[in-house]
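Coordinates in review
This is what each chain is made of:
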Amino acid sequence: NNSILPTESHPEHGNFVHAQRIYKKRNLLSAEKIKLLEDINFVFNYSEEAWNNQFHELKKYFEEYGHSSPPMIRYSRNQLSNWVVLQRSMYKKNKLDKRKIALLNSIDFVWDIKEFNWQKMFQELKIFYKKNGHSSPQVRSSELGVWTGHQRNKFKNKKLDQQKIDLLESIDFA
């Protein structure tokens, strides 16, 4: 994207930039002035531009890694992973417009990371079951073992929904 953000490239022009954005929003800017500003890639809607830039970064991440969920590291300043969390939150609150939802869906965006991770671990357990003939990996020896231990505890405490119980029972989960 070749847009420029005059307030970043020339901080002293901040008042001018701010005024032009307000004038355009209020339809007080002539078509001629709008054209002149557009010719220099002036950003009228900074938040939309910022969203598009972050989406572009996520799309590059998707093309490189094959998924759209950059790792979330606790207390991270990773802008992309924080932005992804924000998009999920906005979606849950119905505050994300259809265009943005469609763009995110185009790169297999994961809206419910907890469900996604559960399904991923279940697929690993299915592979383990096919290979070993049982669905009880050692609890302390792997991430899969820890996960199966958590599922057993959730089942015991009636905190596992029926759909997940059915999936686990399909591979003789005990």
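For the structure, see preceding data.
Heads up: these notes are all about the structure in this document. Predicted, not measured: the structure shown is a model, and the values here were computed from it.

What follows deals with the overall build of the protein. A count of helices and strands for the protein gives nine helices and zero strands. Starting at the N terminus and walking to the C terminus, you meet the elements of the protein as α-α-α-α-α-α-α-α-α. For the protein, whose C-alpha radius of gyration is 24 Å, the value lies well above the compact-globule estimate of 16 Å for 174 residues. For the C-alpha atoms alone, the extent of the protein along its principal axes is close to 75 × 25 × 25 Å. In the protein, which comprises 174 residues, the proportion classed as buried is 32%. A separation of at least 24 residues holds for 47% of the contacts in the protein among residues at least 6 apart in sequence. Charged side chains in the protein number 29 positive and 20 negative. The centres of these two groups are separated by 7 Å.

Right, let's talk about the environment of Ile-165 for a bit. When you line up the elements, Ile-165 lands in helix 9 (residues 162-169). The sequence separation of Ile-165 and Gln-151 amounts to 14 residues, and the corresponding C-alpha distance is 9.1 Å. In contact with Ile-165, other than residues within four places in its own chain, are Phe-155 and Leu-160.

Take the packing of helix 7 (residues 113-132) against helix 9 next. For the pair helix 7 and helix 9, the least separation of the axes is 11 Å and the interaxial angle reads 15°. As summarised for this structure, helix 7 and helix 9 are arranged roughly parallel, according to the angle between their axes. Classified by chirality, the crossing of helix 9 by helix 7 is right-handed. Of the residues in helix 9, those touching helix 7 at Glu-115, Trp-118, Gln-119, Phe-122 and Leu-125 are Lys-164, Leu-167 and Leu-168. Residue classes in the contact of helix 7 with helix 9 are distributed as five nonpolar, one polar and two charged.

What follows covers the packing of aromatic side chains. What describes a pair of aromatic rings is the distance from one ring centre to the other and the angle between the planes of the rings. On inspection of all chains with the given rule, the structure shows eight aromatic pairs. Pairing Trp-51 with Phe-55 gives two aromatic rings, centres 5.6 Å apart and planes at 5°, and the pair type is stacked. On the criterion of helical spacing, the pair formed by Trp-51 and Phe-55 is a turn pair, its members being four residues apart in helix 4 (residues 46-65). Grouping residues by exposure puts Trp-51 and Phe-55 together as buried. An aromatic cluster is built from Trp-51, Phe-55 and Trp-83, whose rings are joined through pairwise contacts. Above the face of the Phe-44 ring, Lys-24 is positioned so that its terminal group lies 5.0 Å from the ring centre. Positioned over the ring face of Phe-173 is Arg-152, at 4.4 Å from the centre of the ring.

Burial in helix 9 covers these residues: Lys-164, Ile-165 and Leu-168. Looking straight down helix 9, one finds its buried side chains confined to an arc of 105°; they lie on one side. In this fold, the buried residues of helix 9 make contact with helix 7 and helix 8 (143-156). For helix 9, the side-chain oxygen to backbone nitrogen distance between the N-cap and Gln-163 is 3.2 Å, and the N-cap itself is Asp-161.

A full pass over the atoms with the stated rule returns five salt bridges. The salt bridge involving Glu-48 is made with Lys-100; its shortest N-O contact spans 3.5 Å. Of this pair, Glu-48 sits in helix 4 while Lys-100 sits in helix 6 (residues 98-105); the two residues are 52 residues apart in sequence, bridging distant segments of the chain. Residue classification places Lys-100 among the buried residues on the basis of a relative accessible area of 13%. Connected through shared salt-bridge partners, Glu-48, Arg-99 and Lys-100 make up one network.

Definitions and limits used
- Residues numbered from 1 in each chain as written.
- Predicted model: local features only at pLDDT ≥ 70, side-chain atom pairs only at ≥ 80, totals over all residues.
- Heavy atoms only, no water.
- Helix = DSSP H or I, 4+ residues; strand = E, 2+ residues; numbered from the N terminus.
- Rg over C-alpha atoms; globule rule 2.2 N^0.38 Å.
- Buried < 20%, exposed > 50% of the residue type's maximum accessible area, 1.4 Å probe, protein only.
- Contact = heavy atoms within 4.5 Å.
- Lys, Arg positive; Asp, Glu negative; His and termini not counted.
- Charge placed at Lys NZ, Arg CZ, Asp CG, Glu CD.
- Axes fitted to C-alpha atoms, helices over the stretch in contact; angles between N-to-C directions.
- Parallel < 35°, antiparallel > 145°, perpendicular 65-115°, else oblique.
- Left-handed = near helix turned anticlockwise from the far one by under 90°.
- Nonpolar A, V, L, I, M, F, W, Y, C, P; charged D, E, K, R; others polar.
- Phe/Tyr/Trp six-rings, centres within 6.5 Å; stacked < 30°, edge-to-face > 60°.
- Lys NZ or Arg CZ within 6 Å of the ring centre and 35° of its normal.
- Arc of directions from axis to C-beta.
- Polar contact = N/O pair within 3.5 Å; in protein donor to acceptor, adjacent residues only side chain to side chain.
- Salt bridge = Lys/Arg side-chain N within 4 Å of Asp/Glu carboxyl O.

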